[in-house]
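# Breakdown of the fold
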Amino acid sequence: MATSRIAVIAGDGIGPEVIEPAIQVVDAVIRKFGGGTLEWNRLPWSSAYYKQTGHIVPSDGWETLAKHDAILLGAVGSPDVPETVTVHGLLLPMRRKFDQYVNLRPAYLYDGVPSPLKNKAPGSIDMIVYRENTEGEYAPVGGRLYEGTAADIAIQTAVFTRRGCERIIRAAFEAARKRPRKKLTSITKSNALPFGMVLWDDVFNSVKKEYPDVQAGSLLVDAAAMDFVRKPEVFDVVVASNLFGDILTDLSAMVTGSVGLASSANINPERTFPSMFEPVHGSAPDIAGKGIANPLAAILSTALMLDHLTMTAAADAIRAAVAAVLKEGKVMSPDLGGTASTTQVAEAVMAAI
Ligand code: NAI
Ligand code: MG
């Protein structure tokens, strides 16, 4: 049976608190369901590592990572370390260096989880956002001039390429085609951003012709923000640029209960490089060290990793176990209105497996 090598970057704050239990859950599910073996390679890269060594990723770090089949990441970011070191030194470069151009973020309203929206039935919200992950508004292109003076200038440029738009839009159409509702919504703002977003729309309209079986439509991002709250059940697959996808997925996480449930995958579909799996949330310095972080976002992210490693039975078993724990509602972390600790939630998932 194949062995997959997983690089683990638990990172900062609640990162290690949720990643270790998630690893235990995966080990438990594989003991039961098989499908392959995993070898975990824990890497200490974090804000603490930066403070000791002066860099967050060692000089041969990217080479080391490239030798793995997947990367499991907790979160990076500390109040006492600049975001240029953590987010811009590790997270964003990884997505670009490893060409993880598909950022996949599912949002599902589990039975037993209250939505802040009124009268939403379990399962009624069931969407997946395909966020472009390598260019767009987060391309590090621009400059700063006369910094700190009255003449301070900042230029921040968004980069949209036909290739970049086409590959994420095509990935989203492929995903929509495989889901029962076969529906895809493209998020745009071409009324106000007449270059980048118009290219995005042009590509969407041309790729659409190849998928007559998919019900495809476009929505301006501000209208989408309204509809994610007003009628999130109308969305199936959603495709969005880097910035729009980032913002909308915090919204989709909230309407389905908590950012503590939001999982994500950063996929390199060609498998030229390892893909990376991480909870959507950050290092949550406000609750770090208290042992109350919800580990389910990290645990559900490992299910996405097992999907990618084609260990489908194990992935489905994790999702079923999480659903069972939430439905029973006895072991819930504080973000979901309960009093259970991180460890207790993870143990409940292992028991359900
Ligand atoms: P955050 O996601 O860390 O926290 C936002 C709020 O959600 C906080 O109130 C936190 O307590 C709560 N929360 C987050 N995860 C939770 C969980 N698993 N269980 C229960 N409650 C949870 O976002 P914030 O505060 O904006 O960022 C903190 C740091 O994390 C920053 O340095 C930021 O740059 C970094 N960050 C890193 C990310 C990554 O590594 N992928 C993603 C987002 C932020
Ligand atoms: Mg975000």
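Residues numbered from 1 in each chain as written. Chains lettered and ligands numbered in written order. Predicted model: local features only at pLDDT ≥ 70, side-chain atom pairs only at ≥ 80, totals over all residues.

### As for the overall build of the chain
Scanning the chain for helices and strands turns up 11 helices and 12 strands. What you see for the chain is a C-alpha radius of gyration of 20 Å, in line with the 20 Å of a compact globule of 353 residues. Buried positions account for 47% of the 353 residues belonging to the chain. Long-range contacts, defined as pairs at least 24 residues apart, comprise 76% of the intrachain contacts of the chain with a sequence gap of at least 6. (Helix = DSSP H or I, 4+ residues; strand = E, 2+ residues; numbered from the N terminus. Rg over C-alpha atoms; globule rule 2.2 N^0.38 Å. Buried ≥ 20, exposed ≤ 12 C-beta atoms within 10 Å, placed from the backbone. Contact = placed C-beta atoms within 7 Å.)

### With respect to the domain arrangement of the chain
Assigned domains within the chain: domain 1 (1-104 + 260-353) and domain 2 (126-255). Spacing between the C-alpha centres of domain 1 and domain 2 amounts to 25 Å. The interface of domain 1 with domain 2 comprises 13 residues on the first partner and 13 residues on the second. Of all the secondary structure elements, the ones that give two or more residues to the side of domain 1 that touches domain 2 are α4 (83-97) and β4 (102-108). Across the side of domain 1 that touches domain 2, the residue classes break down as seven nonpolar, three polar and three charged. (Domains from an automatic or database assignment. Nonpolar A, V, L, I, M, F, W, Y, C, P; charged D, E, K, R; others polar.)

### Comments concerning the UniProt feature "domain: Isopropylmalate dehydrogenase-like" (unreviewed entry) in the chain
If you check UniProt for "domain: Isopropylmalate dehydrogenase-like" (unreviewed entry), the listed places come out as residues 5-349 in our numbering. With 41% helix and 22% strand, residues 5-349 has its two end C-alpha atoms placed 24 Å apart. (UniProt positions renumbered as here; feature names shortened; annotations may be inferred.)

### Here's the deal with the site of ligand 1
The full set close to ligand 1 counts 22 residues, and Gly77, Gly260, His281, Gly282 and Asn294 are the nearest of them. Taken together, the elements giving at least two residues each to the shell around ligand 1 come down to α1 (14-33) and α4. Tallying contributions element by element places α4 first for the shell around ligand 1, with three residues. Among the residues making up the shell around ligand 1, the classes are represented as 12 nonpolar, six polar and four charged. (Near = placed C-beta within 6 Å.)

### Things to note about helix α8 (residues 242-255)
Between its terminal C-alpha atoms α8 stretches 20 Å, which fits the 20 Å expected from 14 residues at 1.5 Å a residue. Taken together, the buried positions of α8 are Asn242, Phe244, Gly245, Leu248, Thr249, Ser252 and Ala253. Seen end-on, α8 carries its buried residues on one side only, within an arc spanning 160°. Contact partners of the buried residues in α8: β4, β5 (126-132), β6 (136-145), β8 (183-188), α7 (221-230) and β10 (237-240). (Expected span 1.5 Å × (residues − 1). Arc of directions from axis to C-beta.)

### Details of the nonpolar core
Membership of the largest hydrophobic core comes to 106 residues, with the highest contact counts inside it found for Tyr130, Val239, Ile299 and Ile318. Mapping this core onto the domain boundaries places at least three of its residues in each of domain 1 (1-104 + 260-353) and domain 2 (126-255). Once you skip the residues sitting within four places of it in the chain, valine 239 turns out to touch Tyr130, Ile168, Ile169, Ala172, Leu184, Ser186 and Ile187. (Core = buried A, V, L, I, M, F, W, Y, C linked by C-beta atoms within 7 Å.)

### Some points on the pairing of β5
In terms of burial, β5 is a largely internal element, six of the seven residues being buried. Where β4 and β5 come together, seven bridges link them in antiparallel fashion. From the neighbouring strand, leucine 104 faces β5, where its bridge partner is tyrosine 130. (Pairing = 2+ DSSP bridges.)

### Concerning the packing of helix α9 (residues 296-308) against helix α10 (residues 312-328)
Following both chains from N to C, one finds α9 and α10 inclined at 160°, their axes separated by 7 Å at the closest point. Here α9 lies roughly antiparallel to α10, going by the angle between them. Crossing geometry of α9 relative to α10 is assigned as left-handed. Of the residues in α10, those in contact with Leu296, Ile299, Leu300, Thr302, Ala303, Leu306 and Asp307 of α9 are Thr312, Ala314, Ala315, Ile318, Arg319 and Val322. Its residues assigned to classes, the contact of α9 with α10 shows nine nonpolar, two polar and two charged. (Axes fitted to C-alpha atoms, helices over the stretch in contact; angles between N-to-C directions. Parallel < 35°, antiparallel > 145°, perpendicular 65-115°, else oblique. Left-handed = near helix turned anticlockwise from the far one by under 90°.)

### A few points about the environment of arginine 271
Relative to the elements of secondary structure, arginine 271 occurs in the loop between β11 (263-267) and β12 (275-279). Assessed through the 10 C-beta atoms surrounding it within 10 Å, arginine 271 is described here as exposed. For the pair arginine 271 and phenylalanine 160, spaced 111 residues apart in sequence, the C-alpha separation works out to 23 Å.

### Observations concerning the pairing of β11
Successive side chains on a regular strand alternate, one facing one side of the sheet and the next facing the other. Among the five residues of β11, five are classified as buried, and the element is accordingly described as predominantly covered. Judged by which residues are buried, β11 turns out to be covered on both faces: Ser263, Ala265 and Ile267 on one side and Ser264 and Asn266 on the other are all buried. Relative to β12, β11 runs antiparallel, the two sharing four bridges. Within β12, the position partnered with alanine 265 by the bridge is phenylalanine 277.

### Remarks on unusual backbone geometry
Within the chain, asparagine 119 stands out as a residue other than glycine whose phi angle is a positive 55°. By the element assignment, asparagine 119 lies in the loop between β4 and β5. With 6 C-beta atoms packed within 10 Å, asparagine 119 lands in the exposed category. Within the chain, arginine 271 stands out as a residue other than glycine whose phi angle is a positive 60°.

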